[in-house]
Structures are given as C-alpha cells and as structure tokens.
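Examining the three-dimensional arrangement
Chain by chain, the residues:
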Amino acid sequence: MKDKIINIVAISGSLNPNSSNSNIIITIKSLAPANVVIKIWEGLDELPHFNPSTKEEIISVNNFRQQIREADGVIFSTPEYAFGVPGVLKNALDWLVFSGELNEKPVIAISASPLYTGGDKSLASLLLTLTALGANKNTLSSISIGNVKNKMNEAGEITDQETISSLQIILATLLETISLARISN
Ligand SMILES: Cc1cc2nc3c(=O)[nH]c(=O)nc-3n(C[C@H](O)[C@H](O)[C@H](O)COP(=O)(O)O)c2cc1C
C-alpha cells in the first residue's frame with residue numbers, strides 16, 4: 001500500500017539570505033522520505049505588525065494561517081537575537097493566537113547559532129510560545145545546534161554527520177507525532 005502524503009510547512013526565523021537556520025531547513029527537506037512534502041514558507045517579512053484590534057482581512061495573514069491550517073505538521077528553525085526569538089517570527093506566531101491554527105498541530109523546534117550555546121534561550125522562548133498556542137510536541141521535539149558555522153560548508157550545506165543524524169531523528173519525531181495524532185483523531 002502506498003504511504004499517505006504528509007504535508008509539512010517549514011519556517012526559518014531568519015530573513016538573512018545566507019541563513020544557517022534556512023540551510024538547516026533545506027537539509028531536513030532533503031532528508032524527508034518520498035511521501036513527505038516539506039514546503040518552505042518564506043513570508044515572515046510580508047506580515048504586518050500584529051495588532052489585536054485589527055478587524056479587516058489581510059491577505060498575507062490569511063495566506064499564512066491557511067498554510068499552517070492545511071499542514072500536517074510545522075518545522076521551526078530559528079536564530080537567537082539578544083537572547084530571544086527574532087521579532088519577525090514572534091510576530092508571525094502572535095497572528096495565530098486568536099485564530100488557533102497551531103492548536104494541537106504537531107511541531108518541532110530547532111535553534112542554531114555560531115555560539116556554542118546554540119541559541120538555547122531563543123529555543124526555550126519559542127517552546128513557551130508554542131505551548132501557549134497549544135502545539136503538539138514532546139521532550140524530543142526540539143534541539144539546539146551550537147557552533148553551526150563549523151557544521152556546514154561554504155555553500156551552506158550541513159556537512160557534520162552528527163548534526164545530520166540529529167536532524168533525521170527530529171524529523172522522525174515529527175512524523176511519529178503526526179502519525180499518532182492521525183490515529184487519535
Ligand atoms: C541583532 C543580533 C543579535 C544576536 N544575538 C544573539 C544571541 O543573543 N545569541 C546568539 O547565540 N547569537 C546571537 N546573534 C548571532 C546569530 O546567532 C547569528 O547571526 C546567526 O548566524 C543568525 O542565524 P542565521 O544564520 O540563521 O541568520 C545575534 C545576531 C544579531 C544580528
């Protein structure tokens with residue numbers, strides 16, 4: 001029997017064109033089994049600043065919410081800016097608070113930094129926000145990757161085998177969470 005298609009949306013918290021977090025997402029996409037479609041969503045900088053009193057329809061916000069609603073799971077990979085989540089990513093997550101697209105949605109969260117700490121404070125903050133939004137995750141659903149620049153080549157491809165294995169494992173965790181969620185629904 002053919003495996004059912006699994007649709008995943010992946011979001012890098014960095015707008016940097018040479019982002020190591022975006023490269024991590026590209027690597028995860030390359031590791032995905034044939035039945036897993038990973039769509040890299042790059043609209044963070046098209047979202048307006050979140051304003052809870054906004055009543056009018058905003059096309060970029062509606063599109064973002066639809067992408068998340070229709071996904072079986074979501075991957076986040078984020079840098080750490082000043083010990084926190086980059087404002088553009090937090091802004092995007094704030095747009096989902098009332099509409100609830102991340103509620104019960106299987107997610108994984110990754111942080112990466114050239115520092116040895118791997119953006120751990122950003123990851124902790126992102127996980128708190130994902131908890132507030134009701135996302136479906138467990139203790140295996142997150143990793144931080146330190147010294148990330150030493151783990152990729154000049155073209156930005158992840159070359160460190162241990163990191164590639166960690167990404168394979170966390171992707172497997174997401175697929176497992178999606179499969180368990182399907183059984184219980
Ligand atoms: C404004 C700013 C603040 C930063 N603050 C931190 C920080 O608190 N912790 C950290 O590990 N790295 C920090 N960095 C370094 C980033 O981890 C580094 O630029 C990283 O490559 C960003 O991820 P990216 O390659 O995916 O864009 C900061 C970088 C910038 C531009």
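The sections below set out a description of the structure shown in this document. Every chain is numbered independently, its residues counted from 1 as its sequence is written. For a predicted model such as this one, the threshold for reporting local features is a pLDDT of at least 70, and the threshold for listing and counting side-chain atom pairs is 80 or more; totals across whole chains, interfaces and linings nevertheless cover every residue. To get the side-chain values, take all heavy atoms of the structure and skip hydrogens and water.

Here we come to the sheet that holds strand β4 (residues 107-112). Taken in spatial order, the five strands line up as β2-β1-β3-β4-β5 in an open sheet, and their pairing is parallel. Whereas interior strands pair on both sides, the edge strands pair on one side only; in this sheet they are β2 (36-41) and β5 (142-145). Pairs of neighbouring strands in the sheet enclose a mean axial angle of 20 degrees, with direction left out of account. Any two strands with at least two DSSP bridges between them are considered paired. Every helix listed is a DSSP run of H or I at least four residues long, and every strand listed is a run of E at least two residues long, numbered separately from the N terminus. Across six bridges, strand β1 (residues 6-12) lies against β2 in parallel orientation. When the bridges of β2 are listed, Ile8 appears paired with Ile38. Only heavy atoms matter for contacts: two residues are in contact if any of them lie within 4.5 Å across the pair. Note on geometry: axes are lines fitted to C-alpha atoms, helical ones only across the stretch in contact, with angles between N-to-C directions running from 0 to 180 degrees. The strands that helix α2 (residues 59-70) touches are β1, β2 and β3 (73-78); relative to β1, the one it contacts most, it runs at about 135 degrees.

Further remarks concern the environment of Gly146. Among the structural elements, Gly146 can be located in the loop between β5 and α5 (161-184). When neighbours within four sequence positions are excluded, Gly146 is seen to be in contact with Ser113, Leu115, Tyr116, Gly118 and Lys151.

Counting 27 residues, the largest nonpolar core has Ile11, Phe76, Leu93, Leu102 and Leu130 as the members making the most contacts within it. Among the secondary structure elements, those contributing two or more residues to this core are β1, α2, β3, α3 (87-94), β4 and α4 (120-132). A total of four residues in this core trace back to one element, the largest contributor, which is α4. Every residue in contact with Leu93, bar those within four places of it in the chain, is listed here: Phe76, Leu102, Leu126, Thr129, Leu130 and Leu133. Residues grouped as a nonpolar core are buried Ala, Val, Leu, Ile, Met, Phe, Trp, Tyr and Cys residues, joined through side-chain atoms within 4.5 Å. Exposure is judged per residue with a 1.4 Å probe applied to protein chains only, and the accessible area is read against the type maximum: over 50% gives exposed, under 20% gives buried, and values in between give partly exposed. In this structure, Ile108, Ile158, Ile164 and Ile178 belong to the second largest nonpolar core, which totals 24 residues.

What follows covers the site of the ligand. Ser14, Ser19, Ser20, Glu80 and Ser113 are the nearest of the 14 residues found near the ligand. In the environment of the ligand, an oxygen atom lies 2.6 Å from a nitrogen or oxygen atom belonging to the side chain of Ser14. N or O atoms within 3.5 Å of each other form a polar contact, as long as, within protein, one can give a hydrogen and the other can take it, and as long as residues adjacent in sequence are counted only when both atoms are side-chain atoms. At 2.7 Å from an oxygen atom of the ligand is found a side-chain nitrogen or oxygen belonging to Ser113. Protein chains shield 69% of the accessible area of the ligand, which is 620 Å² for the free molecule. Residues were grouped as follows: Ala, Val, Leu, Ile, Met, Phe, Trp, Tyr, Cys and Pro as nonpolar; Asp, Glu, Lys and Arg as charged; and all remaining residues, including Gly, as polar. For the shell around the ligand, a count of residues per class yields six nonpolar, six polar and two charged. Neighbouring residues are identified by heavy atoms, a residue being near a molecule or strand if any of them is within 4 Å of it. Accessibility throughout is a Shrake-Rupley quantity obtained with a 1.4 Å probe, and a residue counts as covered only by protein chains that appear here.

Here β4 pairs with β5 via four bridges, running parallel. Paired with Ala109 across the bridge in β5 is Ser142. Assessed by its sense of winding, the connection that carries the chain from β4 through α4 to β5 is right-handed. Place the viewer so that the strands point away; then a crossover is right-handed whenever the path from the first strand over the helix to the second strand goes clockwise.

What is shown is where atoms sit, not what they do.
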